[in-house]
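These are the residues of each chain, in order.
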Amino acid sequence: MKKYIFKRILIAIFTLLVITLVLFLLLQKMPGSPFNDEKLSDVQRATLYQKYGLDKPLVVQFAKYVTNICHGDFGVSYNISKNTPISQLIKSRLPISLKIGGQSVLTGALIGLLLGIIAALYHGTIWDTVCTIISVLGVSIPSYVFALALSYQFGFKWRLFPMLYSNNTPFASSILPSISLCMFTLASIARFTRTEMLESLGSDYIMLAESKGLYGPPLIIRHVLRNALIPIITVLAPLIVDLMTGSLVVEKIFSIPGVGSLLVTAIQSNDYNVVIALSFIYSAMYICIMLVVDILYGIIDPRIRLAKKGSDT
């Protein structure tokens, strides 16, 4: 198992290094500069280039670029907040997106898993129909529609929750956005849980377990649900990254100062440094999540890592 995990970590590090190289090359090719102020003379501009190492060969610049990223330095902003370190812009926004995204993932995964289990165990009943309808609605209706409906009903009409995000009431302000974002995750997990559990319930090994006297929760948890977890985790992994890096439209609706709104602003103002920094963070999170998922595959079903080990030899 240790060798399996170590190999996956090496692959993840190599992938992230390749992505960093691509982002660095894109940064070099894009127009614009953090020192394009017309008031700067050529001598001053050359001094700034020398100060930040932009006059060095590309290989040296890339090595410094990687080193700076490892220390959380993504350069400076071109237009949003001129010459302000990007790490400062992200530092105040990323925790907010992570908190709301984390709440959405946790809520959607738990409720979706529960609905999927209920629909599978009570297949063909009214409970199955209700869970299926909820799943279809969650997948079909975009998150911003839920956001507008919740904001109007619970924020404007009933005044139970704030319509706009406020740092003074962070938890209450995050409830409506979290519910809006969790609906697609909830519906997706419920659908896959129901499908995989129905397939597991009709398999031969479940009949064998029942013939040996295994019934109820032990059978569901140890055999049925465990075998259904792999496809569920596969679906959940990219959703985690999407939610935790911020939903662009939902953040705009609730005026959430997260990385999603920062990305929209950076694209509109052609602030390439910010766009690339956020792209790197998104890529790093995605790789880390997929690394965890890959390791979980081997823990949940040891046959997977044994099969991969056999294919490597």
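Residues numbered from 1 in each chain as written. Predicted model: local features only at pLDDT ≥ 70, side-chain atom pairs only at ≥ 80, totals over all residues. Heavy atoms only, no water.

Draft legend 1. Summary view of the overall build of the chain. The helix and strand inventory of the chain stands at 14 helices and zero strands. Ordering the α and β elements of the chain from the N terminus gives α-α-α-α-α-α-α-α-α-α-α-α-α-α. Judged by the C-alpha coordinates and their principal axes, the chain covers about 85 × 65 × 30 Å. In the chain, buried positions account for 39% of the 313 residues. The long-range fraction of contacts in the chain, counting pairs at least 24 apart against all pairs at least 6 apart in sequence, stands at 73%. (Helix = DSSP H or I, 4+ residues; strand = E, 2+ residues; numbered from the N terminus. Buried < 20%, exposed > 50% of the residue type's maximum accessible area, 1.4 Å probe, protein only. Contact = heavy atoms within 4.5 Å.)

Draft legend 2. Main features of the pattern of salt bridges. For the structure shown, the criterion picks out two salt bridges. The salt bridge involving D294 is made with R8; its shortest N-O contact spans 2.6 Å. On the criterion of sequence distance, the pair formed by D294 in helix α13 (residues 272-300) and R8 in helix α1 (residues 2-29) is long-range, its members being 286 residues apart. Take D294 and R8: they sit in the same class, and that class is buried. We note a salt bridge from R194 to D128, for which the minimum N-O separation is 2.8 Å. A residue pair is termed long-range when its members are at least 10 positions apart, and R194 in helix α8 (residues 170-201) and D128 in helix α6 (residues 126-140) qualify at 66 residues. (Salt bridge = Lys/Arg side-chain N within 4 Å of Asp/Glu carboxyl O.)

Draft legend 3. Representation of the side chain of S97. With respect to the helices and strands, the residue S97 is situated in helix α5 (residues 94-121). Within the local environment of S97, its side chain forms a polar contact with the backbone nitrogen of V259, the two atoms lying 3.0 Å apart. (Polar contact = N/O pair within 3.5 Å; in protein donor to acceptor, adjacent residues only side chain to side chain.)

Draft legend 4. Quick look at the packing of helix α10 (residues 216-244) against α13. Contact pair α10 / α13: the axes reach a minimum separation of 9 Å and the direction vectors enclose 170°. Classed by the angle they form, the pair α10 and α13 counts as roughly antiparallel. Here R226, L229, I230, I233, T234, A237, P238, I240, V241, D242 and M244 of α10 come into contact with α13, specifically with Y282, M285, Y286, I289, M290, V293, L296, Y297, I299 and I300. Its residues assigned to classes, the contact of α10 with α13 shows 18 nonpolar, one polar and two charged. (Axes fitted to C-alpha atoms, helices over the stretch in contact; angles between N-to-C directions. Parallel < 35°, antiparallel > 145°, perpendicular 65-115°, else oblique. Nonpolar A, V, L, I, M, F, W, Y, C, P; charged D, E, K, R; others polar.)

Draft legend 5. Local environment of a nonpolar patch on the surface. Together, L121, Y122, I126, W127 and V130 make up an exposed nonpolar region whose accessible area comes to about 530 Å². With three residues, α6 is the single largest residue contributor to the nonpolar patch. Summarising the element assignment, V130 is placed in helix α6. (Patch = residues over 30% accessible without salt bridge, like charges linked within 9 Å, V, L, I, M, F, W, Y side chains within 5 Å. Areas by Shrake-Rupley, 256 points an atom, 1.4 Å probe, with all protein chains shown as cover.)

Draft legend 6. Representation of the packing of aromatic side chains within the structure. Taken as a whole, this structure holds five aromatic pairs when the rule is applied. Residues F74 and F280 carry aromatic rings whose centres are separated by 5.9 Å and whose planes lie at 55° to one another, so their mutual orientation is tilted. Of this pair, F74 sits in the loop between α3 (58-70) and α4 (86-91) while F280 sits in helix α13, and the two are 206 residues apart along the sequence. When the ring of Y152 is compared with that of F156, the centres are 5.7 Å apart and the planes differ by 25°; the resulting orientation is stacked. Of the two residues, Y152 and F156 are both situated in helix α7 (residues 143-157); the distance of four residues between them amounts to about one turn of the helix. Under the relative-accessibility criterion, F156 is labelled partly exposed at 45%. (Phe/Tyr/Trp six-rings, centres within 6.5 Å; stacked < 30°, edge-to-face > 60°.)

Draft legend 7. Structural context of α8. Over its 32 residues, α8 runs 43 Å from end to end, which matches the ideal 46 Å to within 8%, given 1.5 Å per residue. Along its length, α8 reaches its greatest deviation from straightness, about 35°, at C182. (Expected span 1.5 Å × (residues − 1). Bend = angle between axes of the 7 residues up to and from the residue.)

Draft legend 8. Main features of the environment of L164. Relative to the helices and strands, L164 is located in the loop between α7 and α8. Sequence separation between L164 and L176 is twelve residues, and the spatial gap between their C-alpha atoms is 9.5 Å. In this view, L164 contacts S173, I253, F254 and S255; residues no more than four positions away in its chain are not counted.

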